[in-house]
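Descriptive structure summary
For reference, the chains in residue letters:
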Amino acid sequence: MSDAKFFAKGKAEELEKELLGTNKKDKNHVRKTTALKRVVANMTMNNNEMIQLFQTVISMMSIDNLEIKKMCFLYLINYSRMKPELARTALPRLAEDLSDRSPLVRALSLRTLSCIQLESFNRILVDHLGQLLKDKDPYVRKTAAFAVAKAWTFNSSLAEEKGLISGVNKLLLDSNPTVVSAGLAALTDITDRAEGMKLTLSYHDASKFVQILGDCNEWSQTYILNGLMSYVPEDTSEALLMAERLSPRLAHSNASVVLGVIRVILYLTHYIADDTAVQSLLRRFGPPLVTLLSKPPEIQYVALRNCFLLLQKYPHILENDIKVFYCKYNDPIYVKVTKLEIIFLLAKKDNIAEILRELKEYASEIDVQFVRKAVRAIGKLAIKIESAARQCIDTLLDLVSTRVSYIVQEATVVIRNIFRKYPNKYESIISILCQNLDSLDEPEAKEAMIWIIGEYASRIDNSDELLDDFLFSFKDEAAEVQLALLTATVKLFIQRPSKGQELVLRVLKWSTEETDNPDLRDRGYMYWRLLSASSNNPQLTRQIVLADRPTVSVESDKLDEGMIEELNLYIGSLASVYLKPSTQIFKGSKARKLEKTHALRSSSASESDGLMYFDSIAATSTPVGVTDQLAGFSISQTDVARQQPLSAQTQFQQQQQLLGTNPAYPPASNINNSSTFFQGLTADQMTTPAPYQASNGYFDVAKLGIDGDMSAMPGNTAILNGAGIVMSSTQEYFPQTPVDRQASYLRTPFVRSNHDDLL
C-alpha cells in the first residue's frame, strides 16, 4: 500500500473497528499500524472526525511497538488542547515510558511531554527532567536539554526552582558533541528570551566548541555557531585566532553552517584591531556566498538577502562577482528582484555600461513586474552615478521608443526623479515624454508627468494646454493626481500668469468647493490664501511655491547604520531576510549588542550604544541577582530598565510651549488680513475655516495636507517659510502588531515626499 492511499478520507467508525479488531494472525500489528497511518493522514488533512478516536488511540499506547507509539504520541500532541481531560488519561503511560529500557522510547515519551502545553504534563516533565539530564544514553540527554527549554518557556519559575538550568549547564561538559550542542542551544534559547539572564562564554569554552564542530552534524554545528555569539573576546589576538579557526568552515556544503560562520566572524571583527586582518577575513566571504547561488531557489533567496545586507556596509566583498547576480530566465520573481537590488549596490563607473545592457535586456521580458523593476533600477543608477546619468537617460529613451505602455509609464516616473536630482540639465527630453501622454493611465505616471509640466511650465510652450488636457478628467482622477494638478496649475500661474489665471481659478474652485477629499480641500485653501497674500509680496509667494526641493538621493534606500550593525549579528536568521530587528519578528526576544571590552574597536563601541534601542530596552551591566557558574560557563541575572516614551499629552504640551513662546512664527491672522488678489472673491472665501485654525492663531498642525519631509527638521517640526504655517509630526505607539510573531514596537507616522517612489 503506497503512502498516497493513506490520505483518502476515512470515517471514524470504520477506522475504530480496524483499531479494535483482534486478529490472531496479525502478530506484528500490521493491520493496526496501517489503520493508525490512515488516522494520522486524515488528522493531517484536518478531518475532525478523527478526534472521536481519542480513547481508542490512547489505549494503543501500551503496545510494545515503536512505530505505533510514535503515531499515538503524534495524535496525542495534535488533539491534547482540544481534549485536555482525555489527554490526562495518557499521563500514567507516558510517565511509565520515561523509565523504559529502550532509550528511543524514553526520548519519544520525553519529547511528547514537552510538546503538550498543559500544566499537568509540564509537572510530570519537570519532575523527571533532572534524572533524564543524567541519562546514560546521549540521545536521551540531548532530548532532555531541548525539553528544559520548552519547560522553561511554559513555567520559568518552576524550571529554575528544580535546578534544570544548572543541569543543562553541566551538559556543556559532556563527552558527546551532540549533547554539548543541544545544551548550548537550550541555554542560548533561554537566555535570549529571559529578561534577567545572560549567557557568557570564556575563550577556553569557545575554543572547545570550535574544536568539536568537525564531529557534529549540520544541526549541531548551527547550534554551536549560534551559541558562539555569547563569547565576548577580551583580547584582540583571541578574537583573530578564533576567526581564523572558524574560517575553514566557510567551505561547508550546508548553507546554514556557512551563514552561521559568516555571522560569527563578522561579529569577531569588531574586536580585531588589525584592519588588514579584518579585510582578509571579509574577502573570504565571497566564494562561499557565490557557491550558495547554485543551490535551489529558496536557499538562493536566503543567501541573496544576506548578501544584500552584507553589501550595505561591505560592498567590496563581492565587487568582482557581479556577473553571478545576473538573472536567469528560469529564476523565480523573488530571486530576480533581489538580484536586481544587489546589482544596483555593486554598480560603479567601471561596470555601468555592462549593467545597463543587462538591464535593458531585462526590460524586454514578458514579466511585467520584473520589467518595471528593471526600468526603475536604470533610473536609480542615473541618480547614484552622476557621470553615467546621460547613458542611463539614453537607455530610458530607447525603452520609451518601444511605446510599451507600462515601460513608458515607469520611465516617466524615474525621469521625474532624474530631473529632481539634476535640475536644468536634461530638459531636452521633455518633448519626447510629451509625445507619449496618451500612454499614461496609471496615477503614479500621471502624477510624475504633471509634476514635470508644472516644474518646467516656463519652458514648455504649450504647458497650459497640456495641463488643460489632464484637467478634463480632474474629478475622476485619483487623489494624488488631483493634488499634483493643483500644485502644477499654481506653479503655471506663478510662472506664466496670463496663461494660468483661468486654469488656477477653475482648479481652486474644484478643490475647495466641489471635493470631499480633506487633503485636497486643505491644500486648495492654503494656495488660495497664499496667492491672495502675494499682492503685497509676490516674490515671497514665488519663493514658497517654487522653492528648492530636497535633494533626491538613493542613499535613502540604505538601512540605518545602527540597524545594519544589529542585523549583521543575525546573519542567516529571519531577521536578515526581512531586514527587521529580531524584536519585531520573535516575540519576547532580546536584541543583541556588542559587549564593551578592551578589545572592542572604537568605531564599534560607539555603534553598540544604540543597538538595544530598537525595542526601547537598555540593560545595565551590573549583576544584581544570583550567578550560576560552572567551569567557565556563566548565566548571570542583570537588572533591566525600560525607557518609557513621552506620553502624547506631554508631547502636545511641549509643542504648544514651543509655538507660544517663539516670536519667529507669525500667526495665521496675518494671512487673513491680506488684500484680495482675485476679483470676485469674498472675505468669507479668504478666511481660514474654523476647524483648521487653532485658538492661538496658528494653523492646526494635524490638518494641513502638505507634502514635505518633516523628519529632518529640528524638534521634528517643519516651518513653511514665511507663510506662518507650522507643521509637526508626532510619534504614535501601536499595540501588539502581528509580524510573523507579535511584538510591540515604535512607529513614526509616514510622511510622503515627492521622491518616495525611489524605494
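Residues numbered from 1 in each chain as written. Predicted model: local features only at pLDDT ≥ 70, side-chain atom pairs only at ≥ 80, totals over all residues. Heavy atoms only, no water.

So, on to the overall build of the protein. Scanning the protein from N- to C-terminus turns up 38 helices and nine strands. Scored against the burial criterion, the 759 residues of the protein give a buried share of 50%. In the protein, once contacts between residues fewer than 6 apart in sequence are set aside, the share between residues at least 24 apart is 68%. About 35,500 Å² of surface is accessible on the protein, with carbon and sulfur atoms providing 51% of the total. (Helix = DSSP H or I, 4+ residues; strand = E, 2+ residues; numbered from the N terminus. Buried < 20%, exposed > 50% of the residue type's maximum accessible area, 1.4 Å probe, protein only. Contact = heavy atoms within 4.5 Å. Areas by Shrake-Rupley, 256 points an atom, 1.4 Å probe, with all protein chains shown as cover.)

Glancing now at the packing of aromatic side chains. For the structure shown, the criterion picks out eleven aromatic pairs. For the pair Phe54 and Tyr75, a centre-to-centre distance of 5.7 Å together with 65° between the ring planes defines the contact as edge-to-face. Placement of Phe54 in helix H3 (residues 54–59) and of Tyr75 in helix H4 (residues 66–79) is noted, with a sequence separation of 21 residues between them. Both residues of the pair, Phe54 and Tyr75, belong to the buried class. Relative to Tyr456, the ring of Phe419 lies with its centre 5.5 Å away and its plane at 65°, an arrangement referred to as edge-to-face. Taken together, the residues Phe419 in helix H24 (residues 405–421) and Tyr456 in the loop between helix H26 (443–455) and helix H27 (463–471) connect sequence positions 37 residues apart. Comparing Phe419 with Tyr456 shows no difference in burial state: the two are buried. Among the aromatic residues, ring-to-ring pairing joins Phe54, Tyr75 and Tyr79 into one connected group. One cation-aromatic arrangement involves Arg592 over Tyr570; the distance from NZ or CZ to the ring centre is 4.6 Å. (Phe/Tyr/Trp six-rings, centres within 6.5 Å; stacked < 30°, edge-to-face > 60°. Lys NZ or Arg CZ within 6 Å of the ring centre and 35° of its normal.)

So, about the confidence of the model for the protein. Across the protein, the average pLDDT comes to 79, with 78% of residues at or above 70. Here strand E9 (residues 746–747) stands out as the element of the protein with the lowest mean pLDDT, 28, in contrast to helix H16 (residues 255–268), whose mean of 96 is the highest. Residue range residues 607–759 is modelled with pLDDT below 50. Its contacts to residues more than four positions away, or to other chains, number 288 contacts. (pLDDT = per-residue confidence, 0-100.)

Here we take up unusual backbone geometry. Within the chain, Asn46 stands out as a residue other than glycine whose phi angle is a positive 60°. Structurally, the position occupied by Asn46 is in the loop between helix H2 (30–44) and H3. Positive phi, normally seen in glycine, also occurs at Arg403, with a value near 60°.

Attention shifts here to the environment of Thr222. As for its placement among the helices and strands, Thr222 is situated in helix H14 (residues 218–227). Owing to a relative accessible area of 22%, Thr222 belongs among the partly exposed residues under this scheme. Through-space distance from the C-alpha of Thr222 to that of Ser256 is 6.7 Å; in sequence the pair is 34 residues apart. When near neighbours in sequence (up to four residues on either side) are disregarded, Thr222 contacts Ser256 and Val257.

The next subject is a nonpolar patch on the surface. There is a patch of nonpolar side chains on the surface, built from Leu66, Leu104 and Tyr139 and spanning about 230 Å² of accessible area. Mapped onto the elements of the fold, Leu66 is located in helix H4. Classification of Leu66 as partly exposed rests on a relative accessible area of 31%. (Patch = residues over 30% accessible without salt bridge, like charges linked within 9 Å, V, L, I, M, F, W, Y side chains within 5 Å. Salt bridge = Lys/Arg side-chain N within 4 Å of Asp/Glu carboxyl O.)

The full count for this structure, using the stated rule, is 35 salt bridges. Between Lys162 and Asp127 there is a salt bridge; the shortest N-O distance is 3.6 Å. Of this pair, Lys162 sits in the loop between helix H10 (156–161) and helix H11 (164–171) while Asp127 sits in helix H8 (residues 119–132), and the two are 35 residues apart along the sequence. On the accessibility criterion, Lys162 (44% relative accessible area) is partly exposed. Linking Asp468 and Arg506 is a salt bridge whose minimum nitrogen-to-oxygen distance equals 3.1 Å.

Our focus in this paragraph is the environment of Val404. Locating Val404 in the fold gives a position in the loop between helix H23 (389–400) and H24. Classification of Val404 by relative accessible area gives partly exposed; the value is 28%. Distance from Val404 to Ser364, taken between C-alpha atoms, is 9.9 Å for residues 40 residues apart in sequence.

Buried within H14 are the following residues: Ser220, Gln221, Ile224, Leu225 and Gly227. Buried residues along H14 cover an arc of 160° about the axis, so they all sit on one side. Where H14 is buried, its residues touch helix H12 (177–193), helix H13 (203–211), helix H15 (236–246) and H16. Measuring from the backbone nitrogen of Trp219 back to the side-chain oxygen at the start of H14 gives 3.3 Å, which picks out Asn217 as the cap. (Arc of directions from axis to C-beta. Polar contact = N/O pair within 3.5 Å; in protein donor to acceptor, adjacent residues only side chain to side chain.)

This next bit is on the packing of helix H22 (residues 368–384) against H24. The N-to-C vectors of H22 and H24 enclose an angle of 20°; their axes lie 9 Å apart at closest approach. Looking at the two axes, H22 sits roughly parallel to H24. Handedness of the H22/H24 crossing: right-handed. Residues Val368, Val371, Arg372, Val375, Arg376, Gly379, Ala382 and Ile383 of H22 touch H24, and the partners they reach there are Tyr406, Ile407, Glu410, Ala411, Val413, Val414, Asn417, Ile418 and Lys421. (Axes fitted to C-alpha atoms, helices over the stretch in contact; angles between N-to-C directions. Parallel < 35°, antiparallel > 145°, perpendicular 65-115°, else oblique. Left-handed = near helix turned anticlockwise from the far one by under 90°.)

Glancing now at the side chain of Asp100. One can find Asp100 in the loop between helix H6 (91–97) and helix H7 (103–115). Dropping the residues within four chain positions of it, Asp100 is found in contact with Val105 and Arg106.

Here the focus is H8. For H8, built from 14 residues, the straight-helix expectation of 20 Å at 1.5 Å per residue is met to within 8% by its first-to-last C-alpha distance of 20 Å. The sharpest bend along H8 comes to roughly 25°, located at Val126. Regarding H8, the residues found buried are Phe121, Asn122, Leu125, Val126, Leu129 and Leu132. (Expected span 1.5 Å × (residues − 1). Bend = angle between axes of the 7 residues up to and from the residue.)

So, about the side chain of Thr597. Position of Thr597 among the secondary structure elements: in the loop between helix H34 (582–585) and helix H35 (602–608). With relative accessibility at 18%, the residue Thr597 sits in the buried group. Within polar-contact distance, the side chain of Thr597 engages the backbone oxygen of Pro233 at 2.9 Å. Apart from the residues lying within four places of it in its own chain, the contact partners of Thr597 are Val232, Pro233, Glu234 and Tyr271.

On to the packing of H7 against H8, then. Think of two packed helices as two axes; the pair is described by the angle between the axes and how far apart they sit. Between H7 and H8, the shortest axis-to-axis distance is 9 Å and the interhelical angle comes to 140°. One finds that H7 runs oblique with respect to H8. Helix-helix and strand crossings are classified by hand; for H7 and H8 the assignment is left-handed. From H7, Leu110, Leu113 and Ser114 reach across to H8, where they touch Phe121, Ile124, Leu125, Leu129 and Leu132. In terms of residue class, the contact of H7 with H8 is made up of seven nonpolar, one polar and no charged. (Nonpolar A, V, L, I, M, F, W, Y, C, P; charged D, E, K, R; others polar.)

Below, the discussion takes up the environment of Val232. Here Val232 lies in the loop between H14 and H15. Val232 sits in the buried class, given a relative accessible area of 15%. Expressed as a C-alpha distance, the spacing of Val232 and Lys596, which sit 364 residues apart in the sequence, is 8.5 Å. With near-sequence residues (within four places) excluded, Val232 lies in contact with Leu201, Tyr267, Tyr271, Glu595 and Thr597.

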